[in-house]
Amino acid sequence: MSSNDYVIRIHEGWETVDRARWDALLDVSEGATPFMRHAFLACLERSGSACARTGWRACPITVWQRGELVAACPVYEKTHSFGEYVFDWAWADAYERNGLPYYPKLLVGVPFTPVTGARLLARGASARQVLLEALTSQALHDQRSSVHLLFGSPADIEAARQTGWLLRCGLQFHWHNERAYADFNDFLGHLQRDKRKKILQERRRVREAGVILEALVGPEIAKEDWDFFHRCYVQTYRAHRSTPYLNRAFFEQVSTALPQQWLMFVARRGRQRVAASLLTLDPAQRVAYGRYWGALSHVDCLHFEACYYAPLEWCIAQGFRRFEGGAQGEHKLARGLQPVRTYSAHWLGHPAFRDAIARYLEREAAGIDAYLKELEAHSPLKPVRTGA
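Residues numbered from 1 in each chain as written. Predicted model: local features only at pLDDT ≥ 70, side-chain atom pairs only at ≥ 80, totals over all residues. Heavy atoms only, no water.

S.K.: Before we move on, could you go through the overall build of the protein chain and cite the residues and values that matter?
M.R.: A count of helices and strands for the protein chain gives 11 helices and 16 strands. Put simply, the protein chain has 388 residues, and 54% of those count as buried. Here the analysis covers contacts within the protein chain between residues at least 6 apart in sequence; of these, 75% occur between residues at least 24 apart. Approximately 17,600 Å² of the protein chain is accessible, and the part contributed by carbon and sulfur atoms is 50%. Put simply, the protein chain has 49 plus and 42 minus side-chain charges, and the middle of one group is 5 Å from the middle of the other. (Helix = DSSP H or I, 4+ residues; strand = E, 2+ residues; numbered from the N terminus. Buried < 20%, exposed > 50% of the residue type's maximum accessible area, 1.4 Å probe, protein only. Contact = heavy atoms within 4.5 Å. Areas by Shrake-Rupley, 256 points an atom, 1.4 Å probe, with all protein chains shown as cover. Lys, Arg positive; Asp, Glu negative; His and termini not counted. Charge placed at Lys NZ, Arg CZ, Asp CG, Glu CD.)

Here is the structure:
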């Protein structure tokens, strides 16, 4: 496929995408994250975690100009809406009730990863625009109901808005080291008294249960640690009568492909290991992403310790500037994380459904605005004192 002097290629899977050129394009894109690395995306497919069999058929798009890769994006043909964290089940139901197929649809994003970042990798606005045009052309050609760009960067979302895509806003909770905390106690000292007291109580319960946490970074994480973590991860899904998205092969492959970008906390009670949490690190940007957690037995407040308090303490000690706590979770506000807007963009081919969903998104956005104001009114941080 070509557009003027651009050549557009739709790939069948990640093995046909040039890894070095993809990553070089990512490196010059604003909002790059480890999850958009070719290795991460390829491990999802190669392991069988996100592949055609599981309803994630990878068909990434690349755009070339005079032999140079100038734009690219991760595209999946989806036969369901699991693992996306931007919920469109009601949209699919409305299509079905009116006798129209909603699936397959096209999705631009990283499977099972609600992390904001660059999705439309591009060397300039015109190349990004070509990507958006290629996406809608592909959807029309293949008779797909819609295209969904999830957790895009500000540049991605603005480009989609200018092209007429519908925008949707969500909320997450992130921690920012904007006050340059000296240590975890310094961070606690900046919290409202009731929040500080609650955190100290929860950490004390973990200590009183005889549990200590060990932090393992990158190559320090041995195979037996990954094996244990995966047992915890699977067990927690089973406890909630659910099926984990990621298999052991994925963690084995990605730990080798991206060895420096993992931080694991292993919780022990005496000699017995009881739980583990896993974070993804971006050492260059000094950002940590809370990703996965699991436990073999219940310990009161251990989830908060392994997923928030120990990671925040580590981030402060290592000079990291941001910790993202993952999707949803109002309970994170009481633990020092602040509400942050996230965005997605949506193209729908059916005019009547597009208009109906546009009206719905307007009402939803008003609700998000009101909810955000309420959350900000209950900030856990003490106000910053200004000089007289």
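S.K.: Just give me the short version of the packing of aromatic side chains, but keep the residues and values in it.
M.R.: Taken as a whole, this structure holds 28 aromatic pairs when the rule is applied. With 5.5 Å between their ring centres and 85° between their planes, Trp56 and Tyr76 make a pair best called edge-to-face. A residue pair is termed long-range when its members are at least 10 positions apart, and Trp56 in strand S3 (residues 56–58) and Tyr76 in strand S6 (residues 75–78) qualify at 20 residues. Overall, the relative accessible area of 2% leaves Trp56 in the buried class. Seen in terms of ring centroids, Trp175 and Phe187 are 6.2 Å apart; in terms of plane orientation they differ by 90°. Their pairing is edge-to-face. Placement of Trp175 in strand S10 (residues 166–176) and of Phe187 in helix H6 (residues 184–189) is noted, with a sequence separation of 12 residues between them. Residue classification places Phe187 among the buried residues on the basis of a relative accessible area of 1%. Over the face of the ring belonging to Phe184 we find Arg203, whose NZ or CZ atom lies 4.6 Å from the ring centre. Its end group placed over the ring of Tyr292, Arg291 keeps NZ or CZ at 5.0 Å from the ring centre. (Phe/Tyr/Trp six-rings, centres within 6.5 Å; stacked < 30°, edge-to-face > 60°. Lys NZ or Arg CZ within 6 Å of the ring centre and 35° of its normal.)

S.K.: Got a sec to walk through a nonpolar patch on the surface? Specific residues and values, please.
M.R.: A cluster of nonpolar side chains, Phe82, Phe87 and Trp89, forms an exposed patch at the surface whose accessible area comes to about 330 Å². Mapping Phe87 onto the fold places it in the loop between S6 and helix H3 (89–97). (Patch = residues over 30% accessible without salt bridge, like charges linked within 9 Å, V, L, I, M, F, W, Y side chains within 5 Å. Salt bridge = Lys/Arg side-chain N within 4 Å of Asp/Glu carboxyl O.)

S.K.: Provide a residue-level description of the packing of helix H4 (residues 125–141) against helix H5 (residues 154–162), including the pertinent values.
M.R.: Running from N to C, H4 and H5 cross one another at 60°; their axes reach a closest spacing of 10 Å. If you check the angle between H4 and H5, you find them oblique. As H4 packs across H5, the resulting crossing turns out to be right-handed. For the pair H4 and H5, contact is made by Arg128, Gln129 and Leu132 and by Ala155, Asp156, Ala159 and Ala160, respectively. Tallied by class, residues from the contact of H4 with H5 come to 4 nonpolar, 1 polar and 2 charged. (Axes fitted to C-alpha atoms, helices over the stretch in contact; angles between N-to-C directions. Parallel < 35°, antiparallel > 145°, perpendicular 65-115°, else oblique. Left-handed = near helix turned anticlockwise from the far one by under 90°. Nonpolar A, V, L, I, M, F, W, Y, C, P; charged D, E, K, R; others polar.)

S.K.: Can you tell me about unusual backbone geometry, naming the residues and giving the values?
M.R.: The omega angle of the peptide bond from Tyr103 to Pro104 is 0°, so this bond is cis rather than trans. Structurally, Pro104 is set in the loop between H3 and strand S7 (105–108). Even without a glycine there, the phi angle at Phe151 is positive, about 55°. By the secondary structure assignment, Phe151 is in the loop between strand S9 (146–150) and H5. The exposure class of Phe151 is buried, given its relative accessible area of 5%.

S.K.: Describe the environment of Leu337, with residues and values.
M.R.: Mapped onto the elements of the fold, Leu337 is located in the loop between strand S15 (322–327) and strand S16 (338–348). Contact partners of Leu337, with chain neighbours within four places excluded, come to Phe173, His174, Trp175, Leu312, Phe323, Gly325, Lys332 and Pro380.

S.K.: Break down the state of the cysteines for me, with residues and values.
M.R.: Taken as a whole and assessed by the stated rule, the structure comprises 0 disulfides. Cys43 carries a free sulfur, and the closest cysteine sulfur to it, the one in Cys51, is 13 Å from it. Among the residues examined, Cys43 registers a relative accessible area of 2% and is labelled buried. Sulfur of Cys307: no disulfide; nearest cysteine sulfur belongs to Cys232 and is 11 Å away. The buried category is assigned to Cys307, whose relative accessible area is 13%. (Disulfide = S-S within 2.5 Å.)

S.K.: So, the sheet that holds S16: which residues are in play, and what are the values?
M.R.: If you walk across this open sheet you meet the 11 strands as S3-S6-S7-S9-S16-S10-S15-S14-S13-S12-S11, and the pairing is mixed. The outermost strands of the open sheet, each flanked by one partner alone, are S3 and strand S11 (211–217). Ignoring which end each strand starts from, the neighbouring axes of this sheet average 30° apart. Pairing between S7 and S9: 3 bridges, direction parallel. Across the sheet, the residue bridging to Leu107 is His148, located in S9. Contacting S11, strand S12 (262–269), strand S13 (272–282) and strand S14 (287–295), helix H8 (residues 223–239) crosses the sheet at an angle of about 100° to S13. (Pairing = 2+ DSSP bridges.)

S.K.: Go over the pattern of salt bridges, please, and point to the residues and values.
M.R.: In the structure shown here, the tally under the stated rule is 29 salt bridges. One salt bridge in this structure joins Glu208 and Arg204, with 3.9 Å as the shortest N-O distance. Here the residue Glu208 and the residue Arg204 both occupy positions in helix H7 (residues 193–208), the gap between them amounting to 4 residues, near one helical turn. Given the relative accessible area of 62%, Glu208 is considered exposed. The partner of Asp225 in a salt bridge is Arg273, with the nearest N and O atoms 3.1 Å apart. Of this pair, Asp225 sits in helix H8 while Arg273 sits in strand S13, and the two are 48 residues apart along the sequence. For Asp225, a relative accessible area of 8% corresponds to the buried category.

Note that all results are geometric; they support no functional claim without further evidence.
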